[in-house]
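Below are the chains, spelled out letter by letter.
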Amino acid sequence: MNKANKIKNLYQVYCSRLNKTKLTTEEFQPLVLNLAYLEIATAKKKGLPYNTRKLFLEYTLAALEAIPEYSKEVEDPRYEGMYFSFQMTAEWDGLWNFLRDYFETNLGISIDNETRKIFRFDSSIHKRFENNVLITTSQAPRKITINLSEDLKNAQFSISESLSNKEANIYRIIDNKYVYIGTDPDFMFEFLLDDFNNIEKFSLTRTDRNLRIEYLE
C-alpha cells in the first residue's frame, strides 16, 4: 500500500473511532507525522538505513494527495521549520513506546506484540531536595505514568507538565523498590509499590545537578 492510500485509510479509521466525518488539523497532522516516525522507528529496529528528510517530504506529498486541503498547512511559511523538530524527535529514544501508545489509543492498531504494564500515580505534593537538603515543598497536582516492559527491564517515565517521556533501564530491585537509570544517565527514577501493587512513592533524581524530587499522594 502506498503512503497516500495508507494515510487515507487510517484517516477514515480515525474518523470512525471519533464518530466524525473529518479530522481537525490537530488530529490529522500528528497522524501524518507519526506514520513517518513509525517508518523510521521500524527501520531502526531492523538496522536498516533511512533518510529522515526524504521521508518527511514523502509523507508531506502523500498527505496532500490523500487530503488535498492539507495544503493549508503545507503552504504556511512555518511548515518548513517543522522539519527541524521532526528530525530531533525521529532520534528520540522513547519514540517506539510513544508510537505504540499513539496507534493503540487513537487507531486501535498494535505496532508490535509486546505486552506492557502501565502504572499511573497521581501526586498532590512534591518535595525538592538539593544535595539531600529539603529546599521546597509544593502542593501541585502531577500525573506520573510508568510504562514497563513485561520483564520489567525497560521503562518509560513521564510526568505531566514537567517531564516528557524518558527511557530507562532497570538498575536494581530491593524488595518493592525499583530503581531505573535513564538512557540519558543524568536521570534516575525510583518507585515503591505497596502490598496491592500500587505506587506508594515516586522520585526523580538529576544526578548531574544533585537534585531529587519526591512525589507523594
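Residues numbered from 1 in each chain as written. Predicted model: local features only at pLDDT ≥ 70, side-chain atom pairs only at ≥ 80, totals over all residues. Heavy atoms only, no water.

### Regarding the overall build of the chain
Phase 1: Regarding its fold elements, the chain presents 6 helices and 10 strands.
Phase 2: Seen through its C-alpha atoms, the chain measures out along the principal axes to roughly 55 × 40 × 35 Å.
Phase 3: For the chain, buried positions account for 43% of its 217 residues.
Phase 4: A separation threshold of at least 6 residues defines the contact pool for the chain, and within that pool the share at least 24 residues apart is 47%.
Phase 5: With an accessible surface of roughly 12500 Å², the chain has 49% of that area assigned to carbon and sulfur atoms.
Phase 6: Put simply, the chain has 29 plus and 32 minus side-chain charges, and the middle of one group is 1 Å from the middle of the other. (Helix = DSSP H or I, 4+ residues; strand = E, 2+ residues; numbered from the N terminus. Buried < 20%, exposed > 50% of the residue type's maximum accessible area, 1.4 Å probe, protein only. Contact = heavy atoms within 4.5 Å. Areas by Shrake-Rupley, 256 points an atom, 1.4 Å probe, with all protein chains shown as cover. Lys, Arg positive; Asp, Glu negative; His and termini not counted. Charge placed at Lys NZ, Arg CZ, Asp CG, Glu CD.)

### A few points about the pairing of strand S6 (residues 163-174)
Phase 1: Inspection of the sheet shows strand S5 (residues 154-159) paired to S6 by 5 bridges, in the antiparallel sense. Looking at the pairing, asparagine 154 lines up with asparagine 169 of S6.
Phase 2: In textbook terms, the turn of a hairpin is the stretch between consecutive antiparallel strands, and for S5 and S6 this stretch comprises 3 residues, one of which, glutamate 161, has a positive phi near 75°.
Phase 3: Where S6 lies against strand S7 (residues 177-182), 6 bridges are found, and the strand directions are antiparallel. Bridge pairing in S7 places arginine 172 opposite valine 179.
Phase 4: The hairpin formed by S6 and S7 contains 2 residues between the paired strands, and aspartate 175 there has a positive phi angle of roughly 55°. (Pairing = 2+ DSSP bridges.)

### Brief notes about unusual backbone geometry
Phase 1: A positive phi angle, close to 55°, is found at asparagine 131, a residue other than glycine.
Phase 2: Residue asparagine 131 is classed as exposed on the basis of its relative accessible area, which comes to 54%.
Phase 3: Even without being glycine, leucine 152 reaches a positive phi, approximately 70°.
Phase 4: Counting through the fold element by element, leucine 152 comes out in the loop between strand S4 (142-149) and S5.

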